[in-house]
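# Structural overview
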Amino acid sequence: MNAPLIELEQINKTFMMGKEPILALRNISLTIQENEFISVIGPSGSGKSTLMNVLGLLDQPDSGVYRLDGVPVQSVPDDERAKLRNQKIGFVFQVFNLLPRADALRNVEMPLVYSASYDRSFSKTKIRELAEGALRRVSLLDRMSHKPNELSGGQRQRVAIARAIVNRPRILLADEPTGNLDSKTGSEILALFEELHHEGVTVIMVTHDPKIAARARRTISMADGLIAKDEYAHS
Ligand code: ADP
Ligand code: MG
């Protein structure tokens, strides 16, 4: 049998606030199969972002095992881990995190420029072609020469999604992706996630909005660094 896409075993992450330890993740164990669509909910400070950062290889847990495609990621050297992240994971943030001086095309090309450092098949032409394809995917090809400050919030988030999917990752992680958007724009972003899910991508998103959370097949509720509930929607 294939290994699950994601396996967390007793993951702990503590932050120090002065002398006070904050247990952001407490013995989290979690299995996620390929092509799940999961929402993560819970009060502010419950550990949602910490969990996403661990899943996205942006942060390392203090203890526990994280297996991605069966590979225990902590035992992989840093540069190899960066490569794993680049190839397998797309990350979308609430605050978009685009490069302010770069236009939309350049922002979307960025992960491919990193890919090119270890895969020579990414020529300049190829990079441009793939980035344009990703921008077309989010219906923003006509804005490719615009800088972030020349785009609306919804358009910025679509550029960020194009950047997240340009490498065709199997996993899309989104931390409150609609948190800074009005509800109509938020629905458009969610529709894009649903399309990607239908195409086979595993989508995990944090949201405060119960209506958005309800669109996922599985809802994980965090409370105080723990998984308080893990429920599948009836279908
Ligand atoms: P959520 O995303 O659910 O709001 P977080 O994962 O951001 O929660 O935070 C969980 C807990 O860890 C909170 O108490 C938060 O203050 C703390 N925390 C998160 N990141 C840091 C950090 N870099 N330094 C200190 N404390 C942190
Ligand atoms: Mg958060």
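Rules used in this analysis
- Residues numbered from 1 in each chain as written.
- Chains lettered and ligands numbered in written order.
- Predicted model: local features only at pLDDT ≥ 70, side-chain atom pairs only at ≥ 80, totals over all residues.
- Heavy atoms only, no water.
- Core = buried A, V, L, I, M, F, W, Y, C linked by side-chain atoms within 4.5 Å.
- Buried < 20%, exposed > 50% of the residue type's maximum accessible area, 1.4 Å probe, protein only.
- Helix = DSSP H or I, 4+ residues; strand = E, 2+ residues; numbered from the N terminus.
- Contact = heavy atoms within 4.5 Å.
- Near = heavy atom within 4 Å.
- Polar contact = N/O pair within 3.5 Å; in protein donor to acceptor, adjacent residues only side chain to side chain.
- Areas by Shrake-Rupley, 256 points an atom, 1.4 Å probe, with all protein chains shown as cover.
- Salt bridge = Lys/Arg side-chain N within 4 Å of Asp/Glu carboxyl O.

### Quick notes on the nonpolar core
- Grouped together as the largest cluster of nonpolar side chains are 37 residues, with contacts concentrated most on Val 108, Leu 135, Val 159, Ile 161, Leu 172 and Phe 193.
- Sorting the residues of this core by element identifies α3 (104-116), α4 (124-137), α5 (153-165), β7 (171-175), α6 (183-198) and β8 (202-206) as the ones contributing at least two each.
- Per element, the largest residue contribution to this core is 6 residues, and it comes from α5.
- Ignoring sequence-local partners within four residues, the contact set of Leu 172 consists of Gly 90, Val 92, Ala 164, Ile 165, Phe 193, Leu 196, Val 201, Thr 202, Val 203 and Ile 204.
- Val 40, Leu 51, Leu 68 and Leu 173 belong to the second-largest nonpolar core, a separate cluster that totals 27 residues.

### Describing the site of ligand 1
- Around ligand 1, the neighbouring residues are Phe 15, Ile 22, Ala 24, Pro 43, Ser 44, Gly 45, Ser 46, Gly 47, Lys 48, Ser 49 and Thr 50.
- One nitrogen or oxygen atom from the main chain of Gly 47 is found 3.1 Å from an oxygen atom belonging to ligand 1.
- A distance of 2.8 Å separates an oxygen atom of ligand 1 from a polar side-chain atom of Lys 48.
- Out of a free accessible area of 550 Å², ligand 1 has 64% covered by protein chains.
- Elements with a contribution of two residues or more to the shell around ligand 1: β2 (20-32) and α1 (48-55).

### Section: the pattern of salt bridges
- The tally for this structure, following the rule as stated, stands at 17 salt bridges.
- A salt bridge links Arg 67 to Glu 9, with the shortest nitrogen-to-oxygen separation between them at 3.3 Å. Taken together, the residues span a long stretch of sequence, with Arg 67 in strand β4 (residues 63-68) and Glu 9 in strand β1 (residues 6-17) at a distance of 58 residues.
- Given the relative accessible area of 37%, Glu 9 is considered partly exposed.
- The closest approach of N and O atoms between Asp 59 and Lys 13, which form a salt bridge, is 3.3 Å. With a gap of 46 residues between them, Asp 59 in the loop between α1 and β4 and Lys 13 in strand β1 connect regions that are remote in the sequence.
- The exposure class assigned to Lys 13 is buried, which follows from its relative accessible area of 9%.

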